[in-house]
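Take a look at the letters that make up each chain.
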Amino acid sequence: MTIDLASLGWDASLAAAFPEGPYCRPGRVARVDRGVCTVLCADGPVRAGLAGALRAAAKRDSVGLPGAGDWVVVRTWSDRRTTVEAVLPRRTAIVRRTADKDASGQVLAANVDAVAVVEPMHPVPDEGRIERLLALAWESGARPLVVLTKSDLVGKPAAVSVQVARAAPGVPVVPVSARRGDGPDALRPFVAAGRTLALLGPSGAGKSTLVNALVGTPVMDTGETRRGDGKGRHTTTYRALVPVPGGGAVLDTPGVRAVGLLDAEVGLEQAFADVESLAAGCRFADCSHNGEPGCAVRAALEAGDLTARRWASYQKLRCEVEHETRRRNARLAAKERARRRKVHQQFRLRRRR
């Protein structure tokens, strides 16, 4: 089996970043299972563990671990072992905050060209979740869009799309229905040759169904949602890069219950570009939007141009991002202090000798 790496996005810039080495070849990670990667190479898919140096580096920074969508250096040894030696520089990366005490990051998808925030129309789209995921998508460096699934279950899908578009300024909103077969064709430009589309959304939103529709054959398990609340089971439990016939790829992710933002200042500003624009129009540069004269945000709230729900969502995410920034700065400062103590101790030991 041979694989056309160019159809998956391999190009001259990646080739220029590829290090010289015996028995090494490039490949793209399709999935990772307990530290073992399935890598798509030109001569076919291979299973590869992590090289010792890569494992050691990952202990210091888990974001450096290879994940779905990464381009990597694969080496086959004389004893037929195959290892991932290095991760090539990422062009884009969807990184969420993990729940550990260090608040480190986890790469959900790498080297994607577009990120689709997938949200079901039925029973009611969660605009707050859409805004949070859009901030994550914008921060990745990829192009975001919103895909509204199950449009056949609502009476006026166009009206729902217009409502959701207010929570996603400047972002395409695409309604789809897997049951009727409507919508997947509108997504095909995002999975053209050399391009990758990532899917983010809750369980039961229909991400795996979209993957199957784009690929043209069942490659991902799908499950039914509960009729009462529209919630579904985690049918996808791993991140998977799936090549699309004719070129391109789609990257499916497990359903996300909650996504913590990590260092998402730019993404937040882009996801709430309308709010940021209003704030820039306040009379005072340090306006707290809490009663000062000439506050453009308060004026928009009173006029109904900005909804109280969207303003509250922005404030919540802004506080979260600022909190994570403070935690990150404190963590970096603590590491620097520890480094200086170690250098000082080594200096004192040398003087004693």
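Residues numbered from 1 in each chain as written. Predicted model: local features only at pLDDT ≥ 70, side-chain atom pairs only at ≥ 80, totals over all residues. Heavy atoms only, no water.

Student: Lay out the overall build of the chain with the relevant residues and their values.
Tutor: Broken down by element type, the chain carries 10 helices and 13 strands. Reported as C-alpha extents along the three principal axes, the dimensions of the chain are approximately 70 × 65 × 40 Å. The buried share of the chain, reckoned over its 353 residues, is 44%. Long-range pairs, those at least 24 residues apart, make up 66% of the contacts in the chain between residues at least 6 apart in sequence. Across the chain, the mean location of the 54 positive side-chain charges is 9 Å away from that of the 37 negative side-chain charges. (Helix = DSSP H or I, 4+ residues; strand = E, 2+ residues; numbered from the N terminus. Buried < 20%, exposed > 50% of the residue type's maximum accessible area, 1.4 Å probe, protein only. Contact = heavy atoms within 4.5 Å. Lys, Arg positive; Asp, Glu negative; His and termini not counted. Charge placed at Lys NZ, Arg CZ, Asp CG, Glu CD.)

Student: Let's hear about the sheet that holds strand β1 (residues 24–33): which residues, and what values?
Tutor: Here we have five strands rolled up into a closed barrel, ordered β1-β2-β3-β5-β4, and mixed in their pairing. Averaged over all pairs of adjacent strands, the angle between their axes in this sheet comes to 55 degrees, without regard to strand direction. Two strands pair when backbone bridges link them, and strand β4 (residues 71–76) and strand β5 (residues 82–87) are joined in this way by five bridges, in the antiparallel orientation. Counted as the bridge partner of T76 is T82 from β5. (Pairing = 2+ DSSP bridges. Axes fitted to C-alpha atoms, helices over the stretch in contact; angles between N-to-C directions.)

Student: Outline the sheet that holds strand β11 (residues 196–200), supporting the account with residue identities and numerical values.
Tutor: What links the strands of a sheet is backbone hydrogen bonding, and the strands pair in either a parallel or an antiparallel sense. The sheet built from six strands is open, its strands ordered β10-β9-β8-β11-β13-β12 with mixed pairing. Either end of the sheet is taken by a strand with one partner, and the two such strands are β10 (173–175) and β12 (240–243). With direction set aside, neighbouring strand axes in the sheet form an average angle of 25 degrees. Of the strands in this sheet, β9 (143–149) and β10 are in contact with helix α4 (residues 157–165), which crosses β9 at around 145 degrees. Across the sheet, helix α6 (residues 207–215) lies against β8 (114–120), β9, β11, β12 and β13 (249–252), angled at about 165 degrees from β13, the strand it touches most.

Student: For unusual backbone geometry, give the residues involved together with the corresponding values.
Tutor: At the junction of H122 and P123, the peptide bond is cis and its omega measures out at 5 degrees in the coordinates. By the secondary structure assignment, P123 is in the loop between β8 and α3 (127–140). Here the phi dihedral of Y23 falls at roughly 60 degrees; this positive angle occurs in a residue that is not glycine. Mapped onto the secondary structure, Y23 falls in the loop between α1 (12–17) and β1. On the basis of relative accessible area, Y23 is assigned to the exposed category, the value being 64%.

Student: Explain the packing of α3 against helix α10 (residues 308–352) to me, using residue names and the numbers behind them.
Tutor: For any two helices packed against each other, the geometry is given by the interaxial angle and the distance between the axes. Packing of α3 against α10 brings their axes to within 10 Å, and their N-to-C directions diverge by 40 degrees. When the axis of α3 is compared with that of α10, the two are oblique. Judged by the twist between their axes, the crossing of α3 over α10 is right-handed. Facing E127, G128, E131 and R132 of α3, the residues of α10 in contact are R309, R310, S313, K316, L317 and E320. Here the contact of α3 with α10 is built from residues that sort into one nonpolar, two polar and seven charged. (Parallel < 35°, antiparallel > 145°, perpendicular 65-115°, else oblique. Left-handed = near helix turned anticlockwise from the far one by under 90°. Nonpolar A, V, L, I, M, F, W, Y, C, P; charged D, E, K, R; others polar.)

Student: How would you summarise the environment of C282 if you had to cite specific residues and measurements?
Tutor: The topology assignment puts C282 in the loop between α8 (273–280) and α9 (296–303). Between the C-alpha atoms of C282 and W138, which are 144 residues apart in sequence, the distance is 25 Å. Apart from residues lying up to four places away in sequence, C282 is in contact with C287, H289, G294, C295, A296 and V297.

Remember, this is a structural readout, not a statement about activity or role.
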